[in-house]
Amino acid sequence: MSLFKAREWWSATLGHDEEFDQGCLCIADIDNSGKGQDKIIVGSYKGFLRIFSPRPSKPGESMVPQDQMLEVQLKDSIIQIEVGKYVSGTELLHLAALHPRKLTVFSVSGIAGTVEHGNQYQLRLVYEHNLQRTACNMVSGPFGGVKGRDFICIQSMDGILMFFEQESFSFSRFLPGFLLPGPLSYNPRTDAFITVSSLRQVENYKYQTLAVATDVDCRAESEQQKLGSGKRLTADWTLMIGEQAMDICILSSAQAASFVFVLGERNFFCIKANGQMRFMKKLEYNPSCFLPYASVIEGTINSLVGNHNNMLLVYQDVTLRWAAQLPHVPVALRVANFQDLKGVIVTLSSTGDLQCSYLGTDPALFQAPRVEARDINYEELDVEMKELQQIIREMAKTQDVLPKITKDEDLSVTAITSPNLDTELAAYSKIGSEKSPSITVKVQLKSRVAVLNLKLSVCVLPPLAASPEQVVLDSLGPGSSSAVTFHVFLAGSLSPAELGGDVAVSYTTATELNPYGVPRVAQCKFILPLKLVCSPTPPSKSVPCRITIDTNKPPVSLQDIFPDFVEKTEEEQVHAIGFQLVSGSRVTVLASKTSQRYRIQGEVFEDLWLITKELVERFEKHFANQGAKDFQCSFTGPIPLAEYFEIIDRHFELRLNAEKYQNLLAERAVQFRAIQRRLLTRFKDKTPAPLQNLDTLMDATYRQVIVLGDAAEENESALCQAFTRLKSATHLFLLLLRLWQSLNKEQTDILEATFLPLLQDTSQLGWEECVDAAVTHHLRTCLSRSPKEQALNLTSQLALPRDTVRLRKHISLLCDRMAKGGRLCLSAEGSAPIPVIMPAGGCEPIPESDLEDSAGELESLAEISSQRHHSRMADKPD
């Protein structure tokens, strides 16, 4: 919102359901009145041509009929209008209208009225040119330095410049390397044409170069080429700007040199006439139009820039001097002189809102009364100043830097997950020969104010999927509510890394200054039940992966912890329960009868994550309901790094395979294109020649490309699954590390940000290099042992490493230093390590005799991990 608004001097609304663009507005004394008063000429895509002579009106009042001089509907759409000396034998101004397939030139004449209705104006066709190609835009000027006449250059949609010398066609030229048409402008000082090509570079073509270049019609004629009468068209200079241009303007005067102004999508450029950059301004908004004009300060140039936030900004070179609010988004911007009022800003919107405005504020008529002089008591002022400074210090301590979100949101979003699975399977995926189970999530929306354009999006990470993923809703009034249901299911035979997702609702709220609405987003999270990914099964006896969780409370029955997976029995205690995951592996939870220990064991290391997480969370909830405030879970170690490193190596191997397939595909594609070029040359040759088995080689190369593409797709699918397994294993690794060292929430958040930086792998950035950089940073800051390690700098580039030896070494070193008392922190004070030595027993395997089943149904349990999983690493990182 701007402090100042553009003051309305005159306004009008043009037509109904008409469209306008930057070429549809022109300012000139089109009736050649000689009074120095400009008229506003507007053309629309529906073919309406209107001419206005504005007179001052009161704010809020619409224009009077006398303000409109002329309104005519032409047969064709009007793309652009220009005013110049387009008729031979006279130097009067005429109007040129560009249509898709035609160029028409009109004269506007007035007849003095004898009654109160005023003068009458007529539009008369002088001549027209039928175009052989579809027109895009045009530019006019004294091409070639001609005096008293203006010529017209039209750019077609296929990159041809067509030149017209008033009533006659002159010549046409192809633009080299053309793909899409860009803005076009003419510099009379250098007699050159400036455009921005599809290469995102500014190109300058001299009119003389265009005139002597090869003609379009005879470009392909070999006879003309043999005569050598034409030259190849080349740009006089080019300048890369790196983005598409929206408009080009030339500012030239008799005193100063000419400058080329280019408005890009995110930047504003000023270029000298020789192609050198004068300055560039980066814009923090989306511009819609601009207009440079001469400044009163020598050596500077002013520019008017309109944007899509209904703002009009005034720049002096690169410095913002003024900002004013407009009632619409301008697409065309001009400056005009009306009735002794100079410098009126004329703006036109895409829907036909035409306004003449000026900058400034209304004068204030109120004058403050004169205050009587009084003696100043400096002692009282000192006391008051100290009190105010004390208030400021207290507010600075308690106030946050960012404003707090109000409790009453415009739109509240709440997600409720059904406790039971769907009876009728609503999933659209199959696991094996059976449909995957699904669960229903209900989202409730409640609005406090009127909200528009609601769009609900559901985000879950694979292998989870949602149906539907996006829902478009109707607008909600103040105090109204709505509900949306969707289904979440498994889209593959793989256990997810997270049982949950996010719901985001985008909407707009209308304001006084922006009736179209301000975009906003409300979001919430939802948690999915464990039964979605597993089902009860008999416990397993001997499995390779085991971890043990200790508690500080008496043992409880697993029936009380997992009532939804264990049927009620007459036994007082249930000491074993099995889970069958969708991936096919089994996980067993065992409870000790004599101690507060619980073992989680399974066939695959990463599949232990969901069960372990659920066990810890249900323990906390169970003892919280009993009123226990000092409940704590712990893990006595060691951390199973060997299993974790195997998963990292598998993921890294698939990344290397992906890079290898990419390189092989690139090589085969280059070979395939080279064979195609040779075959095409043989086929075009007038004298037939043998193919020399090129067709056989092309067929073999094509088959290799197909095989490599299929292999790359299979590897990409396997890489996605490996990344999901890696995330599950990382979650379990962080949970065990937190329980092992009793980390608080802040340290746990730092660990999660360190080991889980990405939602998905990409070809440019992968998990290994991100985690290695983050872990190395911690080892050289908060976990460092000497100032020499803190002085080392990290590399500024992240690239795919050759192997995982360095990463594994750094992860082992991080665990070792945390075991010796080091703690993670983000502040500089925490960089000094804490020299605490853990007892040797903390890293040794724990005895498991108390976890044996007395009934003899399960065999005795082995130790959690052998000593080989805890090899000592070097203390200093690479």
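Computed from a predicted model, the values in this text were never measured in an experiment.

Participant: Hey, could you run me through a negative patch on the surface in this one?
Facilitator: Together, E379, E380, D382, E384 and E387 line one region of the surface with negative charge. In this structure, E379 sits in helix α3 (residues 378–398).

Participant: Sorry, what's going on with the nonpolar core here?
Facilitator: Nonpolar side chains in soluble globular proteins tend to be buried together. Formed by 100 residues in total, the largest nonpolar core has its most connected members in F526, L530, Y644, F733 and F755. Examining the composition of this core, we find that eleven residues originate from one element, helix α7 (residues 694–741), more than from any other. Core analysis: the next-biggest nonpolar cluster, separate from the first, contains 19 residues, C24, I27, I40 and C356 among them.

Participant: What am I meant to see in the sheet that holds strand β2 (residues 7–13) here?
Facilitator: Within a sheet, each strand pairs with its neighbour through backbone hydrogen bonds, oriented either parallel or antiparallel. Across the sheet, four strands lie side by side as β2-β29-β28-β27; this open sheet has antiparallel pairing. Only two strands of the sheet have a single neighbouring strand rather than two, namely β2 and β27 (330–338). On average, adjacent strands in this sheet sit at an angle of 20 degrees to one another, irrespective of strand direction. Inspection of the sheet shows β2 paired to strand β29 (residues 353–358) by six bridges, in the antiparallel sense. Considered in β29, the bridge of W10 is made with C356.

Participant: Would you mind showing me how to read the packing of α7 against helix α11 (residues 805–819) here?
Facilitator: Helix-helix packing: each pair is described by the crossing angle between the helix axes and the interaxial distance. Where α7 contacts α11, the two axes come as close as 11 Å, and the packing angle between them is 20 degrees. For the element pair α7 / α11, the angle class is roughly parallel. The handedness of the crossing between α7 and α11 is right-handed. Side by side, α7 and α11 meet where F733, L737, W740 and Q741 of the first sit next to I811, L814, C815, M818 and A819 of the second.

Participant: What's the story with the packing of aromatic side chains in this structure? I'm lost.
Facilitator: The description of two aromatic rings rests on the distance between their centres and on the angle between their planes. What the rule picks out here adds up to 27 aromatic pairs. Consider the rings of F619 and F631, whose centres lie 6.4 Å apart with planes at 55 degrees: the pair is tilted. Note that F619 is positioned in helix α5 (residues 608–625) and F631 in the loop between α5 and β45 (633–634), a separation of twelve residues in sequence. One cation-aromatic arrangement involves R278 over F259; the distance from NZ or CZ to the ring centre is 4.9 Å. K660 extends its terminal NZ or CZ atom over the ring of Y661, reaching a point 5.6 Å from the ring centre.

Participant: Explain the sheet that holds strand β41 (residues 545–551) here, please?
Facilitator: As summarised here, the arrangement of the six strands in space is β40-β42-β43-β44-β41-β45, forming an open sheet in which the pairing is antiparallel. Sheet topology places β40 (534–537) and β45 at the edges, where each strand pairs with a single neighbour. Sheet strands in contact with α7 are β41 and β45, and its direction is about 35 degrees off that of β41.

Participant: I would appreciate a short explanation of the side chain of D191 in the present structure.
Facilitator: Mapped onto the secondary structure, D191 falls in the loop between β15 (184–187) and β16 (192–196). One buried charged residue, D191, remains without a salt bridge, the closest side chain of opposite sign being K206 at 7.5 Å. In terms of polar contacts, D191 uses its side chain to reach the backbone amide nitrogen of G144, at 3.0 Å.

Participant: Can you help me understand the pairing of strand β42 (residues 576–581) in this one?
Facilitator: Regular strands place their side chains on alternate faces of the sheet. In the sheet, β40 pairs with β42 via four bridges, with the strands oriented antiparallel. Note that in β42 the partner of T537 across the bridge is G578. Summarising the sheet, β42 and strand β43 (residues 586–591) pair through five bridges and their orientation is antiparallel. What sits directly across from G578, in β43, is T588. Here β42 folds back onto β43 in antiparallel fashion, the turn holding four residues, of which G584 has a positive phi close to 105 degrees.

Participant: Help me understand the pattern of salt bridges, please; the structure alone is not making it clear to me.
Facilitator: Pairing between side chains of opposite charge can happen when their charged atoms approach one another. Enumeration according to the criterion identifies 25 salt bridges in this entry. R808 is the salt-bridge partner of D649, the closest N and O atoms lying 3.4 Å from each other. One end of the pair, D649, is in helix α6 (residues 641–684); the other, R808, is in helix α11, with 159 residues separating them in the sequence. Looking at D649, the relative accessible area reads 26%, which means it is partly exposed. A relative accessible area of 26% places R808 in the partly exposed class.

The rules behind each value
- Residues numbered from 1 in each chain as written.
- Predicted model: local features only at pLDDT ≥ 70, side-chain atom pairs only at ≥ 80, totals over all residues.
- Heavy atoms only, no water.
- Patch = residues over 30% accessible without salt bridge, like charges linked within 9 Å, V, L, I, M, F, W, Y side chains within 5 Å.
- Areas by Shrake-Rupley, 256 points an atom, 1.4 Å probe, with all protein chains shown as cover.
- Salt bridge = Lys/Arg side-chain N within 4 Å of Asp/Glu carboxyl O.
- Lys, Arg positive; Asp, Glu negative; His and termini not counted.
- Charge placed at Lys NZ, Arg CZ, Asp CG, Glu CD.
- Helix = DSSP H or I, 4+ residues; strand = E, 2+ residues; numbered from the N terminus.
- Core = buried A, V, L, I, M, F, W, Y, C linked by side-chain atoms within 4.5 Å.
- Buried < 20%, exposed > 50% of the residue type's maximum accessible area, 1.4 Å probe, protein only.
- Pairing = 2+ DSSP bridges.
- Axes fitted to C-alpha atoms, helices over the stretch in contact; angles between N-to-C directions.
- Parallel < 35°, antiparallel > 145°, perpendicular 65-115°, else oblique.
- Left-handed = near helix turned anticlockwise from the far one by under 90°.
- Contact = heavy atoms within 4.5 Å.
- Phe/Tyr/Trp six-rings, centres within 6.5 Å; stacked < 30°, edge-to-face > 60°.
- Lys NZ or Arg CZ within 6 Å of the ring centre and 35° of its normal.
- Polar contact = N/O pair within 3.5 Å; in protein donor to acceptor, adjacent residues only side chain to side chain.

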